[in-house]
Amino acid sequence: MVESRNSSSDSSLDQFWSRMPNALCEASDLLACKHLQGEFADKKPGEPNFLRGPYATMYSGQPWTTRQYAGFSTAEASNAFYHQALKRGQHGLSVAFDLPTHRGYDSDHPRVVGDVGKAGVAIDSIEDMKRLFEGIRLDGVSVSMTMSGAVLPIMAFFIVAAEEQGVKRSALKGTVQNDILKEFLVRNTYIYAPKPSMRLLTDVIRFTTSEMQKFNPISISGYHFQEAGASPVLELGLTLADGLEYVRAAQSCGLSVERFAPRLSFFFGIGMQFLQEAVKLRAARFLWAKMMREKFAVKSSEALRLRTHCQTSGVSLTAQAPYNNIVRTTLEALAAVLGGTQSLHTNAFDEAIALPSDFSSHIALNTQLILQNESGITGAIDPLAGSYYFESLTHHMITQAEEIIDTIEREGGMVAALANDTASGWIATQAAARQARLDSLQEVQVGVNAFTHDEGTAPELDTLSINLREVLQRQLASLHDVRSNRDEQRLLSSLTALEKACAKADEPLLEHAIVAARARATIGEISDALARGLGGRHSQRTLAPRGVYGEAFADKKVLSALRRSTDEFASKKGRRPRLLVVKLGQDGHDRGARTVAAAFADFGFDVDIAPLFQTPHEAARQAIANEVDIIGVSTQAGAHEALVPQLMAELHRCQAGDILVVCGGVIPPQDYKDLLQSGVFALFGPGSNLAQAADKIIKALQAKDERRNTSAGTP
């Protein structure tokens, strides 16, 4: 659905989004800067409010942790990658799970065909988790796991895998993301509704606070806000607002803030706004300490200290001139270091095209190692401190982020803001406006919309390709082995106990999940037991803002020409050209879908956004029922290879093959030929100009009508 947004209701937000200083400080900025300097004149790094850094010696004592996010296909393949990364100098492991795992489905579930092992490692049971860490002692390495939706079964598998290595849970070090609110806002790998999901979140916090005191039970994540379109200041405000919600939730369960707060961690994205990104981390530490003092009367430095992992931006990477991405990632990594991050992941240069190859991953890791060992930057603590511009920017970031947080708080907190679509609307609005600026050349991307003189000599990259059939066969065989060699009575007893425990508010659900993991329950079986006890699987609508793209698009002649074309179509057909935007499979990253929907609505198309997680059959049925002219498939996680041909076959089976199908998103070049041969009309990769795409589509529709009319008039 594409909705109109009331511009007056967003005017205050528009003001503070645009207030960031772009030149020398104004007089008011100088006063603010002096106030900030005065407030912290006697503060050292490592002292509240931690503006100058969370630790006294920062990198001069120990550099940040290099923690490359990785996981693909099978546990065995990912395990081999981890061993190699540790040999190359990586300090900790960061696990990427595939989408079926995130969504709590076993690999043989009919809804996940095409997704298994594509965008991460498939983990169906404790046996997969054991293979993932084979030969790696879990008491000797810090493990970060990006998991929120299926957090209970994944934590259970991790703990039992350690047990079967002979490692006590109390010795485990690392972090689980467990940030469910951001899933409802942008990433969408949720399983249950917000309220029961919050219960699972606090259950993990309570368990780890008691049993795993070296382990961080949550990584409060702003990264995905920025990837979905949020500016640095909006990312900061929403992330800290989420943090407040989590602290209150844990406190309501009887947990002491002073006790569990030191185990909270944060996760920020680092984009190409270099100084703003460095400032963002300083402002985050300041604001978090301030809010913890004012709202929760926290006193201890440990409970006030904000510690963060950072990852360079994925959305800033371009498929065109991909080697430029090495420069972008280096700048973003440097911004994170100047801001004082505790650990860092640097993206590979080919990630706008495909999963990173071994070659590109090695360069990404070396980017950090060069910064640590050759730049000399580890010898300075907060090296930009004292610059009038830098301090003024810090003050602006703090002030504007507080306004965002206060807006959320007035609505009743982030859970209430979810129901009102407040935060998701802000993000979608910013994403659409930025795309319009790129498409109308107000904002430059080197090698994409400007300085494209090397366009004809783009290198052929040896990208990583996952053999879906091979991975699926291995996972199905593993599932068969697990199911064939377990005690079914023990399994049934553990799952029944888990389901019944959901009815008791204080029952420790993770403990029950651990019992089920020991009984060799699969991730799907544990997730289904929780669904039965917690009210089923959750679904929600996807909205896109109307009017934002068109307003921000600078070239009004191009916009007017597109609208004339859609008006002409409407005058001939009696209705406007109809577009259905779909996401197939379990990929919930919907920035592209929302932005395309927003832009095409402003071009004059009738636009609907299909529900997330559709099968090809469901997408075809909705397209036929809505009598659409075009289906736009937005893809990011690789499932297009299997699912788009299925969609084309379903349309032809239903005698609807005249519907144009286009695909956009992260599509490796080697997939283009097969997709086009299956009947896809056009492919639009990252960096595509939406106005040009719309022009191509409307001309194709007009040509199709002309052919139909000519054919109908032939004797």
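Keep in mind that this is a model prediction, so the values were computed, not measured.

So, about the pattern of salt bridges. In the structure shown here, the tally under the stated rule is 40 salt bridges. Its salt-bridge partner being Asp139, residue Arg137 comes within 3.0 Å of it at the nearest N-O pair. Looking at Arg137, the relative accessible area reads 43%, which means it is partly exposed. Look at Asp139 and you get partly exposed, because its relative accessible area is 31%. Two residues, Lys295 and Glu409, come together in a salt bridge whose shortest N-O distance is 3.7 Å. With a gap of 114 residues between them, Lys295 in helix α12 (residues 274-296) and Glu409 in helix α16 (residues 388-410) connect regions that are remote in the sequence. Residue classification places Lys295 among the partly exposed positions, given a relative accessible area of 39%. Counted as one network, the salt bridges with shared partners bring together Glu163, Arg169, Glu211, Glu511 and Arg518.

Take the packing of aromatic side chains next. One pass over the full model with this rule turns up 14 aromatic pairs. Here the aromatic rings of Phe133 and Phe158 are separated by 6.0 Å at their centres, their planes lie at 65°, and the arrangement is edge-to-face. One end of the pair, Phe133, is in the loop between α5 (126-132) and β5 (142-145); the other, Phe158, is in helix α6 (residues 151-163), with 25 residues separating them in the sequence. Taken individually, Phe133 and Phe158 each receive the classification buried, so the pair is uniform in this respect. Ring geometry for Tyr549 against Phe603: centres 5.4 Å apart, planes inclined by 85°, an arrangement best described as edge-to-face. Of this pair, Tyr549 sits in helix α23 (residues 548-552) while Phe603 sits in helix α25 (residues 591-603), and the two are 54 residues apart along the sequence. The exposure class of Tyr549 is buried, given its relative accessible area of 0%. Among the aromatic side chains, those forming a connected cluster through ring pairs are Tyr549, Phe553, Phe600, Phe603 and Phe605. Its guanidinium or amino end placed over the ring of Phe613, Arg103 lies 3.6 Å from that ring's centre, counting from NZ or CZ. Of note, Lys696 hangs over the ring of Phe681, and the distance from its end group to the ring centre comes to 5.8 Å.

Along the chain, the position of Thr367 falls in helix α15 (residues 358-373). With relative accessibility at 10%, the residue Thr367 sits in the buried group. The contact partners of Thr367, leaving out residues within four places of it in the chain, are Thr330 and Thr346.

In a regular helix each residue adds 1.5 Å, so 23 residues correspond to 33 Å; α12 covers 33 Å between its end C-alpha atoms and thus fits that length. Of all 23 residues in α12, 17 are buried; the element is thus mostly enclosed. Just downstream of α12 lies Ala297, where phi reads positive at about 55°.

A few words now on the sheet that holds strand β9 (residues 264-270). The strand order across the open sheet formed by five strands is β2-β11-β10-β9-β8, and the pairing between neighbours is parallel. The two strands at the open ends of the sheet, each matched to only one other strand, are β2 (65-66) and β8 (218-221). Across five bridges, the pairing between β9 and strand β10 (residues 308-312) is parallel. In the sheet register, Phe267 faces β10, and the bridge partner there is His309. Helix α10 (residues 232-252) rests against β8 and β9 of the sheet, and its axis sits at about 165° to β9.

The rules we used
- Residues numbered from 1 in each chain as written.
- Predicted model: local features only at pLDDT ≥ 70, side-chain atom pairs only at ≥ 80, totals over all residues.
- Heavy atoms only, no water.
- Salt bridge = Lys/Arg side-chain N within 4 Å of Asp/Glu carboxyl O.
- Buried < 20%, exposed > 50% of the residue type's maximum accessible area, 1.4 Å probe, protein only.
- Helix = DSSP H or I, 4+ residues; strand = E, 2+ residues; numbered from the N terminus.
- Phe/Tyr/Trp six-rings, centres within 6.5 Å; stacked < 30°, edge-to-face > 60°.
- Lys NZ or Arg CZ within 6 Å of the ring centre and 35° of its normal.
- Contact = heavy atoms within 4.5 Å.
- Expected span 1.5 Å × (residues − 1).
- Pairing = 2+ DSSP bridges.
- Axes fitted to C-alpha atoms, helices over the stretch in contact; angles between N-to-C directions.

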